[in-house]
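In case you want the letters, here they are:
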Amino acid sequence: MSTNKNDANKAAVLAALAQLRAALQNEPNSPAIVRALNQCDRLELAITQFHAEGLRFASFTLLRIVQSAGTVFTEPVHSATRQLKSALETAGFPH
């Protein structure tokens, strides 16, 4: 039985999201961390429900939180964010 490409892409994005969530949870607690983790939850829900607009909004907001000026995240968070963005692009998911 062959795996559906969309399912494989979804699994890759969810795995990248899990890595980002784990990296965020290792950061010192801050309002930016709380917002980013909330967006991780929203993005996961949108992916599992195939809700394109929710996916686009949650991924855009999450990437903006991590990449915005004035936020200080460690390299593991930035690396996981780049991996998530790449997985989103490979899957063809809007962000």
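Quick caveat: nothing in here was measured; it's all calculated off a predicted structure.

## Some words on the side chain of Thr81
Examined against the element boundaries, Thr81 turns out to sit in helix 4 (residues 75-91). Using a relative accessible area of 2% as the deciding quantity, one classes Thr81 as buried. Polar side-chain contacts of Thr81 include one of 2.7 Å to the backbone oxygen of Val77. Ignoring any residue separated from it by four or fewer positions in sequence, one finds Thr81 in contact with Leu20, Leu63, Val66 and Gln67.

## Some words on helix 4
Relative to the 24 Å expected for 17 residues at 1.5 Å per residue, helix 4 spans 24 Å between its end C-alpha atoms, a close match to the ideal helical length. Of all the positions in helix 4, only Val77, Ala80, Thr81, Leu84, Ala87, Leu88 and Ala91 are classed as buried. Take helix 4 and look down its axis: the buried residues cluster within an arc of 125 degrees, on one side only. Once helix 4 finishes, Gly92 follows within two positions and takes phi at roughly 80 degrees, a positive value.

Cut-offs applied
- Residues numbered from 1 in each chain as written.
- Predicted model: local features only at pLDDT ≥ 70, side-chain atom pairs only at ≥ 80, totals over all residues.
- Heavy atoms only, no water.
- Helix = DSSP H or I, 4+ residues; strand = E, 2+ residues; numbered from the N terminus.
- Buried < 20%, exposed > 50% of the residue type's maximum accessible area, 1.4 Å probe, protein only.
- Polar contact = N/O pair within 3.5 Å; in protein donor to acceptor, adjacent residues only side chain to side chain.
- Contact = heavy atoms within 4.5 Å.
- Expected span 1.5 Å × (residues − 1).
- Arc of directions from axis to C-beta.

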